[in-house]
Amino acid sequence: MTKSLNILLIEDDAIEVMKFNRVVKTLGLNHKIIEANNGEEALTILKEKEIIPDIILLDLNMPKLNGIEFLTIIKKDEILKYIPAIILTTSSNHKDMLECYKIGIAGYVLKPLKYEDYMERIKRMLDYWSITELISQ
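From a predicted model like this one, the values you see are computed outputs, not experimental measurements. (Residues numbered from 1 in each chain as written. Predicted model: local features only at pLDDT ≥ 70, side-chain atom pairs only at ≥ 80, totals over all residues. Heavy atoms only, no water.)

Participant: What exactly am I supposed to notice about the sheet that holds strand S1 (residues 6-10) here?
Facilitator: Backbone hydrogen bonds are what pair the strands of a sheet, in a parallel or an antiparallel way. Pairing in this open sheet of five strands is parallel, and the strands run S2-S1-S3-S4-S5 from one edge to the other. Both outer strands of the open sheet, strand S2 (32-36) and strand S5 (107-110), are each paired with one neighbouring strand and no more. Averaged over all neighbouring strand pairs, the angle between strand axes comes to 20°, with direction disregarded. Across five bridges, the pairing between S1 and S2 is parallel. Residue pairing for S2: Ile-7 is matched across the bridge by Ile-33. On top of the sheet, helix H2 (residues 39-48) reaches S1, S2 and strand S3 (55-58); it is set at about 130° to S2, its chief contact. Running at roughly 150° to S5, helix H4 (residues 94-103) makes contact with strand S4 (85-89) and S5 of the sheet. (Pairing = 2+ DSSP bridges. Helix = DSSP H or I, 4+ residues; strand = E, 2+ residues; numbered from the N terminus. Axes fitted to C-alpha atoms, helices over the stretch in contact; angles between N-to-C directions. Contact = heavy atoms within 4.5 Å.)

This is the structure we're talking about:
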């Protein structure tokens, strides 16, 4: 049985945010999506602790606080470090990928150009995390 997830989506590109929301809606998934435009905004959401996400999806290239800087901060926090963080990016830069895995990410997903391929990757990723046992805060 799959469960509904609280997903923190950290993405500065409004079109990418709309695309992600459209995929979730089209697939009929009942996940709650909390949106942040950058790492700073995401940290504010996480510190307020109104909703602790089950997973974090984030882009690498963002203004103010990029993905790697954001990950470095949350992985030092005794509560937040257990939230699975998945990179959702167009960057296939091996150095970025290696750095993210060193920090402790749960996955690195490249955004394909074709919408159908993007939809399939998002579906598989969310299906996996909806059946995985997660640490409740």
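The rest of the description comes next.
Participant: Would you mind showing me how to read the pattern of salt bridges here?
Facilitator: Close approach of charged atoms allows side chains with opposite charge to pair. Using the criterion set out here, one finds six salt bridges in the structure. Its salt-bridge partner being Glu-78, residue Lys-81 comes within 3.3 Å of it at the nearest N-O pair. A residue is classified by how much of its surface remains accessible, and Glu-78, at 55% relative accessible area, is exposed. The network of salt bridges with common partners includes Glu-11, Glu-16, Lys-19 and Lys-111. (Salt bridge = Lys/Arg side-chain N within 4 Å of Asp/Glu carboxyl O. Buried < 20%, exposed > 50% of the residue type's maximum accessible area, 1.4 Å probe, protein only.)

Participant: Please clarify how the side chain of Glu-11 should be interpreted in this entry.
Facilitator: Within the secondary structure, Glu-11 sits in the loop between S1 and helix H1 (14-26). Within polar-contact distance, the side chain of Glu-11 engages the side chain of Lys-111 at 2.9 Å. Among residues more than four places away in sequence, those in contact with Glu-11 are Glu-16, Val-17, Ala-36, Asn-37, Asp-59, Met-62 and Lys-111. (Polar contact = N/O pair within 3.5 Å; in protein donor to acceptor, adjacent residues only side chain to side chain.)

Participant: What exactly am I supposed to notice about the pairing of S1 here?
Facilitator: Remember that side chains alternate between the two faces of the sheet whenever the strand is regular. The buried count for S1 comes to four of five residues, which makes it a mostly enclosed element. Crossover connection from S1 via H1 to parallel S2: handedness right-handed. Where S1 and S3 come together, four bridges link them in parallel fashion. Bridge assignment links Leu-8 to a residue of S3, and that residue is Ile-56. (Right-handed = clockwise from strand over helix to strand, strands pointing away.)

From the geometry alone we can't say anything about function, so treat these as descriptive.
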